[in-house]
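These are the residues of each chain, in order.
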Amino acid sequence: MEAFMERNLGLFFIVALCALAWATESIFHPVSEQHRSAALEFFSSADGHFGSLEETYEALRTFQVLGIEKDAKIQTSACASVIETLKSPTPGTKQIFHALITNSLLTCDIGHEAFQGIQSGLTDSLNDATALLDFYYAIGSLVLLKGQTPEVSLNEGDANRIVQSIKTLSQSDGRWRLNSNNPESRFDAAGMAIEAIAGVISLSTSEINQNVIDALKNDIVKLFDGIQRYDDGAYYFEEKLVDAHGYQGPLSVSAAVVRGIAAFAAVTPESLHLSDEKIVGLAKYFLGIGVPGSAKDLYNQIDALACINNLKGSIPLLLSFPATVISSTKNNQVKVKATNVLGSVIPNLSVKLMQIFTKGSKDGSVIDQKLKYDHENEVHVLETLPESIDIGSYIFSFEAVFYDPEQKKNYATGGRTKVPIYITGVVSIDNAEIAILDSDSGSSESIKFDINRENTVSLSANHLQKMKLSFHLSTPSQNSFKPKQAFLKLTHESGVEHIFLVGSSVKKFEIVLDFLGLVEKLFYLSGKYSIHLTLGDSAMENSFLRTLGYIELDLPDAPEKAPRPPPQRVDVYSRYGPKPEIAHIFRAPEKTAPTWLSNTFLALVIIPFIGFIVLLFGLGANFKGFPKTTASAAFALLFHIGIAAALLLYVAFWIKLDLFTTLKALGLIGAFLLVVGHKTLAYLAAASSSSKLKSS
Amino acid sequence: MGRSTTAKDAEALVHSLRSAYSATPTNLKIIDFYIAFAVVTALIQVVYMAIVGSFPFNSFLSGVLSCVGTAVLAVCLRIQVNKENKEFKDLPPERAFADFVLCNLVLHLVIINFLG
């Protein structure tokens, strides 16, 4: 709770600081085509069906206020949902409320019996209600039901009792609690409570006690004491201490309060005595949002604006400005539109320009000029600007004046409307002179040049001289002008730049570059420097950066310890761009022997082996010593097979295998060979030794 | 007259060599033929290298050393098996043959690995 308090306070301070940073003059635009297109975008559905009845109602209400034609599909599907809800056996009060309020915007074909059936259920739930939302939905439903079946009403006893029950939930600061268990008091609950009490007043058969109405008016005044304000004049309600669960943004909270106030104002004959400033401020808050980002926000904004627009005696009058930058060369004129918050033009009034302030000064010249009304475009036009107004930024103060004083009572203007206006024009530059002065002799002849053309100046100087540039600026009204930017830039041919400010006196702009003092700043670089002049201002339509010409500077050589000029910015593409393609030169493959030669020698190599076999046969080699007995013969055979397997393994090793696989296989074959070979050779050894014994 | 004395001596030398050689046992002759075969194969490989150049040198070495190695092992076998050799009197020829086979297997493993 503490952390929340601190966090919300912190947020409040940030918001307050931001609000302080805002100008006190802001422009508010009424509801426009952008709102209509946003509504069509947010509330679009392929089959005319929105998520719930509540969303359907929001869509229909927004379309109604903005004057958008209802789609037939939406109408049929909405009516279907309404009828379904009303006919269901156990509808909740909230569902009934949304069904009835949707029905109030459409003309669904619902039978009288259906309404009768609901009425008794609603009266019961109203009698059992304890929480604020229960009261709100039940009373709201009964009020809507009254529109269909006029005999719905509450008797005096019930009405008073209900009002008392609702009032028990109110707090001393004008806010309401949602139910008796919940200690936190909220603004949106206050809005709903006021709307509910207004509903009771409209349902009651007899006059409600005047004390009740007065007490509620006091509550509303106390409630409005808790309103918050932005510096540009927008007023809004925001919950201060609320847990994250039930947090509603200031838009929905302010909209809930506005709905309550509007409902109450509709049932009381006399006005609510709320200050015009706060009503207009609330309207400004809703308009200041522009086009909201979600469907719910758009509904809240549009519904609240529609409610404010119906507050009799306090309908906000808005002066809006299609353009605030006026170009004197194009002969633009200041145009003002007088509308209500929903964008409809309010007729039979005139707009007067009362005062003009120069930006930054407190008192302004009093003008009191009436604007001419253009019937075709429905705008008030300031045909001619006052004589004293030259280019620059000003604050114009306008006031709306009604022809009929009776009509004036219906509207709330919120005082004068101040708006920042920028008047731009072409600034002319003339009397441009440039000269090279010797330091000892004061003057030298100065060259007049046309500053409006590029590259007209070509000078040369050494470090003992000075360069002087002067020119005169004047506005279209022939007054002297001081722009916000006046810079002279000298760029060396190597790219090093130096920027100097051009100073001004009353009559003209002048800069003197004393090269003796600047030698070190220029890094002792001699050579050709190009001269650029920049003049710019928000009121100047012809701000420019122009190359005036060149100056050859002859500076002494840099001493040892002089600072080096800063490295120039490397062209990004040359350093980080693609490098030239590298053509790799591969080693030329070795010359190998021609195939036929290799094959010939392959054959030649086989020949000695064949020769060996032939010789063996010639020698009389035989297999007589091969073991005779089956076991030993088997072992001998296996021995030869093992050796053949090893040789085949070597061939496989050469063709495909790697050393490790070969070694593994060789290990196996070797072990096998050991066993078998030992057996065979042992047998042969035994055989030969026995034969030796025999022979010896 | 006729052939010179050196020629006659050479002829007599060869003759005596041949007759002495024919007395050697058959198994030793087999081994001698094997050695001759191995050396001739090595010589053919050297001639090939002389013709085409030594580009894959490892293959040439592998081939030549295989022949030379197996010839050397055969020579060792011949020494050990020869009954007139007093030094190896107690060594059974089967054992020598087993050593020959084993060493050849190892040699050829290395040769095949080096062949590339």
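Bear in mind that the values here come from a model prediction, so they are computed numbers and not experimental data.

(A) The arrangement of the packing of helix α17 (residues 595-619) of chain A against helix α2 (residues 26-52) of chain B in detail. One way to put it is that α17 of chain A packs onto α2 of chain B with a least axis distance of 10 Å and a crossing angle of 170 degrees. By the criterion of interaxial angle, the relationship of α17 of chain A to α2 of chain B is roughly antiparallel. By residue class, the composition of the contact of α17 of chain A with α2 of chain B is 20 nonpolar, four polar and one charged.

(B) Up close: the interface of chain A and chain B. Taken together, the contacts link 31 residues of chain A with 27 residues of chain B. For the pair chain A and chain B, the two sides together bury roughly 2,600 Å², of which 86% comes from carbon and sulfur. On the chain A side of the interface with chain B, the three residues burying the most area are F601, L619 and Y650 of chain A, jointly 23% of the side's total. Along the contact surface separating chain A from chain B lie zero salt bridges.

(C) Structural context of the packing of helix α18 (residues 630-655) of chain A against helix α4 (residues 93-115) of chain B. Running from N to C, α18 of chain A and α4 of chain B cross one another at 15 degrees; their axes reach a closest spacing of 9 Å. Taken together, α18 of chain A and α4 of chain B sit at an angle that is classed as roughly parallel. Our pair here, α18 of chain A against α4 of chain B, has a crossing hand that is right-handed. Along its contact with α18 of chain A, which presents F639, I643, A646, Y650, F653 and W654 of chain A, the element α4 of chain B presents F97, V101, L105, V106, H108, L109, I112, N113 and L115 of chain B. Residue composition of the contact of α18 of chain A with α4 of chain B, grouped by class: 13 nonpolar, two polar and no charged.

(D) Region of the structure containing a nonpolar patch on the surface. Where nonpolar side chains cluster on the molecular surface, the patch consists of L602, I606, F609, I610, I613, V614 and F617 of chain A and spans about 690 Å² of accessible area. Take L602 of chain A: it is sitting in helix α17.

(E) Spotlight on the environment of K240 of chain A. Here K240 of chain A shows up in the loop between β4 (235-236) and α11 (250-267). Residues K240 of chain A and R186 of chain A, 54 residues apart in the sequence, show an inter-C-alpha distance of 8.5 Å.

(F) Expanded view of the sheet that holds strand β9 (residues 349-358) of chain A. Residues and elements named next belong to chain A. The sheet built from five strands is open, its strands ordered β7-β15-β13-β9-β10 with mixed pairing. Here the strands that pair on one side only, and so sit at the sheet edges, are β7 (325-327) and β10 (365-370). If you compare each strand with its neighbour and ignore which way they point, the axes differ by 30 degrees on average. As paired strands, β9 and β10 are joined by four bridges and run antiparallel to one another. Along β10, the bridge assignment pairs L353 with Q369.

(G) Here's a closer look at the sheet that holds strand β11 (residues 372-374) of chain A. Residue and element names in this part refer to chain A. Read across the sheet, four strands follow the order β6-β8-β12-β11 without closing on themselves; strand pairing throughout is antiparallel. If you trace the sheet from one side to the other, it starts and ends with β6 (318-320) and β11, each paired once. Taking the axes of each pair of neighbouring strands and ignoring which way they run, one obtains an average angle of 35 degrees across the sheet. Where β11 and strand β12 (residues 379-382) come together, three bridges link them in antiparallel fashion.

(H) Highlighting the pattern of salt bridges. Residue and element names in this part refer to chain A. Scanning all chains against the criterion turns up 23 salt bridges over all chains. Between D368 and K352 there is a salt bridge, with the nearest N and O atoms lying 3.7 Å from each other. In this pair, D368 sits in strand β10 while K352 sits in strand β9, placing the two residues 16 residues apart along the sequence. Using a relative accessible area of 42% as the deciding quantity, one classes D368 as partly exposed. A salt bridge links D537 to K484, with the shortest nitrogen-to-oxygen separation between them at 3.6 Å. Within this pair, whereas D537 is found in the loop between β24 (527-536) and β25 (544-554), its partner K484 is found in the loop between β19 (465-474) and β20 (485-492), the two being separated by 53 residues in sequence. Given a relative accessible area of 67%, K484 falls into the exposed group. In this structure, a network of salt bridges that share partners links the residues E54, E58 and K296.

(I) The packing of aromatic side chains, seen in detail. Tallied over the full model, the rule gives 22 aromatic pairs over all chains. Geometrically, the ring pair formed by F187 of chain A and F237 of chain A is tilted, given 5.1 Å between the ring centres and 50 degrees between the ring planes. Of this pair, F187 of chain A sits in helix α9 (residues 187-203) while F237 of chain A is found in the loop between β4 and α11, placing the two residues 50 residues apart along the sequence. Owing to a relative accessible area of 2%, F187 of chain A belongs among the buried residues under this scheme. With relative accessibility at 0%, the residue F237 of chain A sits in the buried group. When the ring of F609 of chain A is compared with that of F37 of chain B, the centres are 5.6 Å apart and the planes differ by 55 degrees; the resulting orientation is tilted. Within this pair, whereas F609 of chain A is found in helix α17, its partner F37 of chain B is found in helix α2, the two belonging to separate chains. For F609 of chain A, a relative accessible area of 41% translates into the label partly exposed. Every member of this aromatic cluster is reached through a ring pair, and the members are F609 and F612 of chain A together with Y34, F37, F97 and F100 of chain B. Sitting over the ring of F187 of chain A, R175 of chain A keeps its end group 4.9 Å from the ring centre. The ring of Y550 of chain A carries the charged tip of K528 of chain A above its face, separated from the ring centre by 4.3 Å.

(J) Structural context of the pairing of strand β18 (residues 457-462) of chain A. All names here are of chain A. The alternating pattern of β18 places V457, L459 and A461 on a buried face, while none of S458, S460 and N462, on the opposite face, is buried. Summarising the sheet, β18 and β25 pair through six bridges and their orientation is parallel. What sits directly across from S458, in β25, is Y550.

(K) Just the pairing of strand β16 (residues 428-438) of chain A, in detail. Residue and element names in this part refer to chain A. Bridge count for β16 against β19 is nine bridges, and the pairing is antiparallel. For I434, the partnering residue across the bridge sits in β19 and is L469. With two bridges joining them, β16 and strand β17 (residues 447-448) adopt antiparallel strand pairing. Residue pairing in the sheet places I434 in a bridge with I447 of β17.

(L) Here's a closer look at the state of the cysteines. For the structure shown, the criterion picks out one disulfide over all chains. Each sulfur of the disulfide joining C79 of chain A and C108 of chain A lies 2.0 Å from the other. Negative torsions about the S-S bond denote left-handed disulfides, and the value of about -95 degrees found for C79 of chain A with C108 of chain A makes this one left-handed. Remark: C108 of chain A occurs in the loop between α5 (93-105) and α6 (112-128) and C79 of chain A occurs in helix α4 (residues 72-87); sequence separation between them is 29 residues. A relative accessible area of 12% means that C108 of chain A is categorised as buried. This cysteine, C76 of chain B, is not joined by any disulfide, and C103 of chain B carries the nearest cysteine sulfur, 8.0 Å off.

Cut-offs and rules
- Residues numbered from 1 in each chain as written.
- Chains lettered and ligands numbered in written order.
- Predicted model: local features only at pLDDT ≥ 70, side-chain atom pairs only at ≥ 80, totals over all residues.
- Heavy atoms only, no water.
- Axes fitted to C-alpha atoms, helices over the stretch in contact; angles between N-to-C directions.
- Helix = DSSP H or I, 4+ residues; strand = E, 2+ residues; numbered from the N terminus.
- Parallel < 35°, antiparallel > 145°, perpendicular 65-115°, else oblique.
- Nonpolar A, V, L, I, M, F, W, Y, C, P; charged D, E, K, R; others polar.
- Contact = heavy atoms within 4.5 Å.
- Buried area = accessible area lost by both parts, 1.4 Å probe.
- Salt bridge = Lys/Arg side-chain N within 4 Å of Asp/Glu carboxyl O.
- Left-handed = near helix turned anticlockwise from the far one by under 90°.
- Patch = residues over 30% accessible without salt bridge, like charges linked within 9 Å, V, L, I, M, F, W, Y side chains within 5 Å.
- Areas by Shrake-Rupley, 256 points an atom, 1.4 Å probe, with all protein chains shown as cover.
- Pairing = 2+ DSSP bridges.
- Buried < 20%, exposed > 50% of the residue type's maximum accessible area, 1.4 Å probe, protein only.
- Phe/Tyr/Trp six-rings, centres within 6.5 Å; stacked < 30°, edge-to-face > 60°.
- Lys NZ or Arg CZ within 6 Å of the ring centre and 35° of its normal.
- Disulfide = S-S within 2.5 Å.

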